[in-house]
Structures are given as structure tokens and as C-alpha cells.
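Chain by chain, the residues:
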Amino acid sequence: MDQNPQPAASDPATWLDQYGDYLYRFALSRLRDGDAAEEAVQETFVAALRNKEQFSGKGSERGWLMGILKRKIIDFYRKRQRDPVNLDEESGSISDMLFDKGGHWKKEVRGFIAKSLDSLEVKEFRSILQKCLALLPSRQADAFTMRTMDDREADDICKELDISSSNYWVILHRARLRLASCIKQNWFQAGENV
């Protein structure tokens, strides 16, 4: 008789109710596309169902499903990089908006950046950030999300997105500039509507 039987995965029919919302929110925060997030979660459940016997029971079932979901999200990033859409990364207008001719931050932008985030509504800020991320070209959004939200190392991101180190830093710089501009515009517009 086995002294320490490994717990089996719970009934797959209950997975959607138990973990669906959690997995979807995570996927949506990374993919910024509701349809893609739904598809990633569905693929996660299908893969888990096919490989249910591989659940070792050493960790939580939710953690096991999250591991599968993270791999599905990586697959989505890879697919998106193989099938790129028009990546409009060449635009001087954002730099012109944020920096003067000498390359220094413009006074009004510096003032905005200097504001304490403690004074901002975190929920509203996150909403604006998600909207701004959705407006970025996919490669910029992926690099920013992987670095800032997933706290991944530059080398891993370069391998994942199949880009050089110098290209990564340029993409990340452009993403930050665009996000700064978008957040600035949307934050002030939100404040004016109050």
C-alpha cells in the first residue's frame, strides 16, 4: 500500500468554474486581447485534460494550470512574431512631443513624470495603461509586458521574440516613449472630464 499517494487532478468539469476567471484575467493582462486570452485559456484546459496524468500533486492544481497557460502565452508571442502585422515603429512625433531639440525632457512632461504615483487612482491608472498597451505595435507591447510585468531578463526576451539585444533596447525605448505619451494624454483627458 502506497504511504504517500499523489493527489490526482480534480474533475476537469470543475476547472472552468474553479480557475477560469483567474486564468483569463492573467492571460488578458499579458496578451491585451480578449479573444486571444480566451483562446489561450481554452488551449490550457485542453492541454491539461490531455495530460491530466502528468499533474504530480507537488504543487497546487491552479499553479499547474498557470504553468501550462504561461507556455500557451509564450506560444502566442512566438506566433505573433512569425506573422507580424504592420509595425509602425518609425515615428518622430512622440520624441518631438516629449523632448526638446537638445534631447532634454520638455518642461511640461518633466512636471507630469515628477508627480507622485501615490496621488493617482491606481485602478484608473491601470485601466489607462492597458488601453495604451493595446495601442502599441505588438512587438513593442510584448517586449514591455515581458520586461515590466513579467520581470523577465533581456536575454530571455530577445530569445523569445527572436530579436538582437540592440533591437530589444530600441523597441523597449520606443514602447516606453509611446506609453509615456499615451498615458500623459489620456490621464489629463480623464482629469478634464471630471
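Described below are features of the structure shown in this document. (Residues numbered from 1 in each chain as written. Predicted model: local features only at pLDDT ≥ 70, side-chain atom pairs only at ≥ 80, totals over all residues. Heavy atoms only, no water.)

The next point concerns helix H2 (residues 34-50). The end-to-end C-alpha separation of H2 is 24 Å, in line with the 24 Å expected for 17 residues at 1.5 Å each. Where H2 is concerned, the buried positions are Ala36, Ala37, Ala40, Val41, Thr44, Phe45, Ala47 and Ala48. Its side-chain oxygen at 2.9 Å from the backbone nitrogen of aspartate 35, aspartate 33 defines the N-terminal cap of H2. (Helix = DSSP H or I, 4+ residues; strand = E, 2+ residues; numbered from the N terminus. Expected span 1.5 Å × (residues − 1). Buried < 20%, exposed > 50% of the residue type's maximum accessible area, 1.4 Å probe, protein only. Polar contact = N/O pair within 3.5 Å; in protein donor to acceptor, adjacent residues only side chain to side chain.)

What follows is about the packing of helix H1 (residues 15-31) against H2. In contact at an axis separation of 8 Å, H1 and H2 are set at 135° when each is read in the N-to-C sense. The orientation of H1 relative to H2 falls into the category oblique. For the crossing formed where H1 meets H2, the hand is right-handed. Together, Trp15, Leu16, Gly20, Leu23, Tyr24, Ala27, Leu28 and Leu31 of H1 and Gly34, Ala36, Ala37, Glu38, Ala40, Val41, Phe45, Ala48 and Leu49 of H2 make up the contact between the two elements. Considering only residue class, the contact of H1 with H2 consists of 14 nonpolar, 2 polar and 1 charged. (Axes fitted to C-alpha atoms, helices over the stretch in contact; angles between N-to-C directions. Parallel < 35°, antiparallel > 145°, perpendicular 65-115°, else oblique. Left-handed = near helix turned anticlockwise from the far one by under 90°. Contact = heavy atoms within 4.5 Å. Nonpolar A, V, L, I, M, F, W, Y, C, P; charged D, E, K, R; others polar.)

With that settled, consider the packing of aromatic side chains. Summed over all chains, the structure comprises 4 aromatic pairs. Geometrically, the ring pair formed by tryptophan 15 and tryptophan 64 is edge-to-face, given 6.0 Å between the ring centres and 70° between the ring planes. Taken together, the positions of tryptophan 15 in helix H1 and tryptophan 64 in helix H3 (residues 61-82) put the pair 49 residues apart, joining distant regions of the chain. Pair check on accessibility: tryptophan 15 and tryptophan 64 agree, each one buried. Judged by centre distance (5.2 Å) and plane angle (55°), the ring pair of phenylalanine 55 and tryptophan 64 falls under tilted. Across the pair, tryptophan 64 and phenylalanine 55 agree in class, each one buried. (Phe/Tyr/Trp six-rings, centres within 6.5 Å; stacked < 30°, edge-to-face > 60°.)

One way to put it is that helix H7 (residues 138-149) packs onto helix H8 (residues 154-161) with a least axis distance of 10 Å and a crossing angle of 145°. Relative to H8, the crossing made by H7 is right-handed. Of the residues in H8, those touching H7 at Arg139, Asp142, Ala143, Met146 and Arg147 are Ile157, Glu160 and Leu161. Partitioning the contact of H7 with H8 into residue classes produces 4 nonpolar, no polar and 4 charged.

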